[in-house]
Amino acid sequence: MAQRFRRLQARYEPTVTRTLLLGLFVVGVSAQLVKPIGDALQDKAFLGGALLSLVGYVLYESVKDLASSLRLPARSQVESRELGTFVSEAFRARTVEIGFLGYTGETLYNELYHRLEGLLEDPGSPIRHVNVRFLIPDFGRPMTVPSRVGEGGRPVDDPDFRKRLEEKCREYDETLSVLAERLTLLGTVTAHCEYRLHPGIPTDKVCVFNRELVLHGLYDVTARTVLRSTTDPEYYDPKGYRTDLTVWSQEGGDDAKAVLATWNRHFDSLWGLAAAPPWRAAPAA
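Residues numbered from 1 in each chain as written. Predicted model: local features only at pLDDT ≥ 70, side-chain atom pairs only at ≥ 80, totals over all residues. Heavy atoms only, no water.

Angle between the axes and distance between the axes are the two parameters that describe a pair of packed helices. Between helix 5 (residues 106-120) and helix 6 (residues 159-186), the least distance of the axes is 10 Å, while the angle of their chain directions is 20 degrees. One finds that helix 5 runs roughly parallel with respect to helix 6. As for the relative orientation of helix 5 and helix 6, their crossing is left-handed in sense. Contacts between helix 5 and helix 6 involve E106, Y109, L112, Y113, L116, E117, L119 and L120 from the former and K168, Y172, T175, L176, L179, R182, L183 and L186 from the latter. (Axes fitted to C-alpha atoms, helices over the stretch in contact; angles between N-to-C directions. Helix = DSSP H or I, 4+ residues; strand = E, 2+ residues; numbered from the N terminus. Parallel < 35°, antiparallel > 145°, perpendicular 65-115°, else oblique. Left-handed = near helix turned anticlockwise from the far one by under 90°. Contact = heavy atoms within 4.5 Å.)

What follows deals with the pattern of salt bridges. Tallying each qualifying case throughout the model produces 17 salt bridges. The salt bridge partner of R133 is D268, with a shortest N-O separation of 3.1 Å. Note that R133 is positioned in strand 3 (residues 129-137) and D268 in helix 7 (residues 253-273), a separation of 135 residues in sequence. When its relative accessible area of 11% is taken as the criterion, R133 is described as buried. Its salt-bridge partner being D158, residue R148 comes within 3.5 Å of it at the nearest N-O pair. A residue pair is termed long-range when its members are at least 10 positions apart, and R148 in strand 4 (residues 147-149) and D158 in the loop between strand 5 (155-156) and helix 6 qualify at 10 residues. D158 gets classed as buried once you look at its relative accessible area, which sits at 10%. (Salt bridge = Lys/Arg side-chain N within 4 Å of Asp/Glu carboxyl O. Buried < 20%, exposed > 50% of the residue type's maximum accessible area, 1.4 Å probe, protein only.)

It is worth spelling out the pairing of strand 7 (residues 204-209) at this point. Two faces belong to every sheet, and in a regular strand the side chains alternate between them. Most of strand 7 sits out of view: five of its six residues are buried. Strand direction decides the pairing type here: strand 2 (residues 95-101) and strand 7, joined by four bridges, are antiparallel. Bridge pairing links G99 to V208 in strand 7. Strand direction decides the pairing type here: strand 7 and strand 8 (residues 213-218), joined by six bridges, are antiparallel. Looking at strand 8, one finds that V206 is bridged to H216. Hairpin remark: strand 7 followed by strand 8, antiparallel, with three residues in the connecting loop; positive phi at N210, about 55 degrees. (Pairing = 2+ DSSP bridges.)

This part is about the environment of V206. Residue placement: V206 occurs in strand 7. Here the alpha-carbon distance between V206 and G99, two residues 107 residues apart in the chain, equals 7.9 Å.

Now for the sheet that holds strand 2. In spatial order, the strands read 1-11-8-7-2-3-6; together these seven strands make up an open sheet with mixed pairing. Of all strands in the sheet, those with a lone pairing partner are strand 1 (77-79) and strand 6 (190-198), marking the two edges. Strand-to-strand, the axes of this sheet are offset by a mean angle of 15 degrees, without reference to chain direction. Sheet analysis places strand 3 next to strand 6, joined by nine bridges and oriented parallel. Counted as the bridge partner of F134 is Y195 from strand 6. Strands strand 2, strand 3, strand 6, strand 7, strand 8 and strand 11 (244-249) of the sheet are contacted by helix 7, whose axis makes an angle of about 75 degrees with strand 3.

Bringing the sheet that holds strand 4 into the picture now. Taking strand neighbours across the sheet as the criterion, the four strands line up as 5-4-10-9 in an open arrangement whose pairing is antiparallel. The open sheet terminates on both sides in strands that have one partner only, identified here as strand 5 and strand 9 (224-226).

As for its position among the elements, A275 is in the segment after helix 7. On the accessibility criterion, A275 (41% relative accessible area) is partly exposed. In this structure the C-alpha to C-alpha distance between A275 and D138, which are 137 residues apart in sequence, comes to 8.7 Å. Other than its neighbours up to four places away in sequence, A275 contacts R196 and L197.

Along the chain, H216 turns up in strand 8. Spatially, the C-alpha atom of H216 lies 9.7 Å from that of V78, the residues being 138 residues apart in sequence. Residues within four places of H216 in sequence aside, it is in contact with D204, K205, V206, D244, L245, T246 and W263.

Their axes nearest at 10 Å, the elements helix 4 (residues 83-90) and helix 5 cross at an angle of 40 degrees. In this view, helix 4 runs oblique relative to helix 5, as classed from their interaxial angle. Crossing of helix 4 against helix 5: the hand is right-handed. Contacts from L83, G84, V87 and S88 in helix 4 reach T107, L108, E111, L112 and R115 in helix 5.

Okay, here's the thing in structure tokens:
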């Protein structure tokens, strides 16, 4: 309802304002030129008002045009290192819902950790519900990415490297889950954080904030890393913090809203099909 009112206001306010100002001008001038009208409207107090109305009309047009020219365009792309800004905005709502589809979720994890820890120290926060969902690849399966770089650049599955990534995600999941449980026990906020696994490689990086804003980018799946020294093998290891993200929000018009609806539906579908990780005894309801 509020959005509909703002759309109607934006559509009709300029026309109504112009009509009122011009109407006052015409009435004021008529009161000076047509005596019966002037007498009816109490003599000569209207010429000044008419001129002021005309000036107001001109100023209105000028200020409106100036405001339009100075309005900053909505940002269509951001860097992954700017995720903190979007997390902060999401945590302004009473109900916080954040979804992640990607690699390990390290960049988002760091931001969420500090936000959840802050809620523990702020019992007066207006937030009442927090739900965080991470969808990551199943590192228990053989993979082309992440993998070891073999001869001729061919990917070679490396169980030890996959295990290393799995342990990192397990740590993130357990840390966020403990924070969520502590928040829930306090009684002011109900919180839930969970990792689930999908059978794929990390190609898309997607962050969904309160179902109203989506950031989407593509990992560089050929990015390489060396774990320790230059004599060690290279690994295909996408760098999430280097990924540029396209912004889709409710403010982007009908096309953006359609994209938002598609991503929300797609994420929910993947989540419903995803498996609980081996470090969890059973999937959460």
